[in-house]
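Residue strings, one per chain:
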Amino acid sequence: MNSEDMKAFDRLKARTTLNERSGCWEWNGCKRHGYGRLTVGSRKDGTRRTASAHREMYEIVNGYITSDYEVCHKCDNPACINPDHLFLGTRAENMEDRDRKGRNIVFVGEEQPRSKLTRKSVKDARWERAYKGTSFQELADRYGVSKKTMQNAINGVTWKCVPYFPEPPKEDQT
């Protein structure tokens, strides 16, 4: 490692805390979706940009990586920048690793942490809209959501986990 890389390595390592249990070097700086972010480069020469801390660490230790590779975590800790916990993989390999380890949990319905609606409330709102003609705004106000949220839930754009009710019966025209 040359002196410039050593400076960059020290700069990154200084912004971490060692997790004694896991061996992770956990990033303490800015994060996005749990992954460390930092500013690198210079304004003077136009190379200033934000970068992933774990990718920067991997490149400092192992050299340049082409854009068709991702830096993956053996430890599954997105804040970790310990070079011993990082490995290269394609996007597909990274997704396979995630799925194999059971980290691709998709929450549906009221399992979503910020959900204001429930399966029952969506079912009731759909029924009321279809058979009573209650307005989207009235239903939205009743359930404490925006009109657009209610429209999406009732029209099946969201809440696909709730079976959709058929249209109200058409009146006999004979």
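It should be noted that the structure appears before, not after, this text.
Residues numbered from 1 in each chain as written. Predicted model: local features only at pLDDT ≥ 70, side-chain atom pairs only at ≥ 80, totals over all residues. Heavy atoms only, no water.

Here we look at the packing of helix α4 (residues 119–132) against helix α5 (residues 136–143)
It is the contact of α4 with α5, at a shortest axis distance of 11 Å, that shows an interaxial angle of 155°. With respect to α5, the axis of α4 lies roughly antiparallel. At the point where α4 passes α5, the crossing takes the right-handed sense. Contacts between α4 and α5 involve Ser 121, Asp 124, Ala 125, Glu 128 and Arg 129 from the first element and Phe 136, Leu 139, Arg 142 and Tyr 143 from the second. Here the contact of α4 with α5 is built from residues that sort into four nonpolar, one polar and four charged. (Axes fitted to C-alpha atoms, helices over the stretch in contact; angles between N-to-C directions. Helix = DSSP H or I, 4+ residues; strand = E, 2+ residues; numbered from the N terminus. Parallel < 35°, antiparallel > 145°, perpendicular 65-115°, else oblique. Left-handed = near helix turned anticlockwise from the far one by under 90°. Contact = heavy atoms within 4.5 Å. Nonpolar A, V, L, I, M, F, W, Y, C, P; charged D, E, K, R; others polar.)

Quick look at the environment of Ala 79
For Ala 79, the position within the fold is in the loop between β6 (70–73) and β7 (86–89). Along the backbone, Ala 79 and His 33 are 46 residues apart, and their C-alpha atoms lie at a distance of 9.3 Å. In this structure Ala 79 touches Trp 25, Glu 26, Trp 27, Lys 31 and Gly 34, once residues within four positions along its chain are discounted.

Regarding the side chain of Asp 97
Counting through the fold element by element, Asp 97 comes out in helix α3 (residues 91–100). Of note is the side chain of Asp 97, whose polar atom sits 3.2 Å from the side chain of Arg 100. Setting aside residues no more than four positions away along its own chain, Asp 97 makes contact with His 73, Asp 76, Phe 87 and Arg 103. (Polar contact = N/O pair within 3.5 Å; in protein donor to acceptor, adjacent residues only side chain to side chain.)

Side note on the sheet that holds strand β5 (residues 49–52)
Pairing is antiparallel across the open sheet formed by three strands, whose spatial order is β3-β4-β5. At either end of the open sheet lies a strand with only one pairing partner, and these are β3 (31–32) and β5. Here strand β4 (residues 35–40) runs beside β5; their pairing, made up of four bridges, is antiparallel. The partner of Leu 38 across the bridge, within β5, is Ala 51. (Pairing = 2+ DSSP bridges.)

Structural notes on the environment of Arg 11
Note that Arg 11 resides in helix α1 (residues 3–14). For Arg 11, the contacting residues outside a window of four places in its chain are Leu 38, Thr 39 and Val 40. Here the side chain of Arg 11 touches Thr 39 through a polar contact of 3.1 Å, landing on its backbone oxygen.

Considerations on a positive patch on the surface
Side chains of Arg 11, Arg 15, Arg 43 and Arg 48 sit close together on the surface and give a patch of like positive charge. Within the secondary structure, Arg 43 sits in the loop between β4 and β5. (Patch = residues over 30% accessible without salt bridge, like charges linked within 9 Å, V, L, I, M, F, W, Y side chains within 5 Å. Areas by Shrake-Rupley, 256 points an atom, 1.4 Å probe, with all protein chains shown as cover. Salt bridge = Lys/Arg side-chain N within 4 Å of Asp/Glu carboxyl O. Lys, Arg positive; Asp, Glu negative; His and termini not counted. Charge placed at Lys NZ, Arg CZ, Asp CG, Glu CD.)

Some thoughts on the packing of aromatic side chains
For the coordinates displayed, the defined rule picks out two aromatic pairs. Arranged with centres 5.4 Å apart and planes meeting at 40°, the rings of Trp 127 and Tyr 131 form a pair that is tilted. Taken as a pair, Trp 127 and Tyr 131 lie in helix α4 at a separation of four residues, close to a single helical turn. Trp 127 gets classed as partly exposed once you look at its relative accessible area, which sits at 39%. Given the relative accessible area of 33%, Tyr 131 is considered partly exposed. Taking the ring centre of Trp 25 as reference, the NZ or CZ of Lys 13 above it sits at 4.4 Å. (Phe/Tyr/Trp six-rings, centres within 6.5 Å; stacked < 30°, edge-to-face > 60°. Buried < 20%, exposed > 50% of the residue type's maximum accessible area, 1.4 Å probe, protein only. Lys NZ or Arg CZ within 6 Å of the ring centre and 35° of its normal.)

Describing the nonpolar core
If you look at the biggest cluster of nonpolar residues, it comprises twelve residues: Leu 117, Val 122, Ala 125, Phe 136, Leu 139, Ala 140, Val 145, Met 150, Ala 153, Ile 154, Trp 159 and Val 162. Contributing elements (two or more residues each) for this core: α4, α5 and α6 (147–154). Not counting residues within four places of it along the chain, the set of residues in contact with Ala 125 comprises Leu 139, Tyr 143, Met 150 and Ile 154. One finds Leu 12, Leu 38, Val 40 and Ile 60 within the second-largest nonpolar core, a separate group that totals eleven residues. (Core = buried A, V, L, I, M, F, W, Y, C linked by side-chain atoms within 4.5 Å.)

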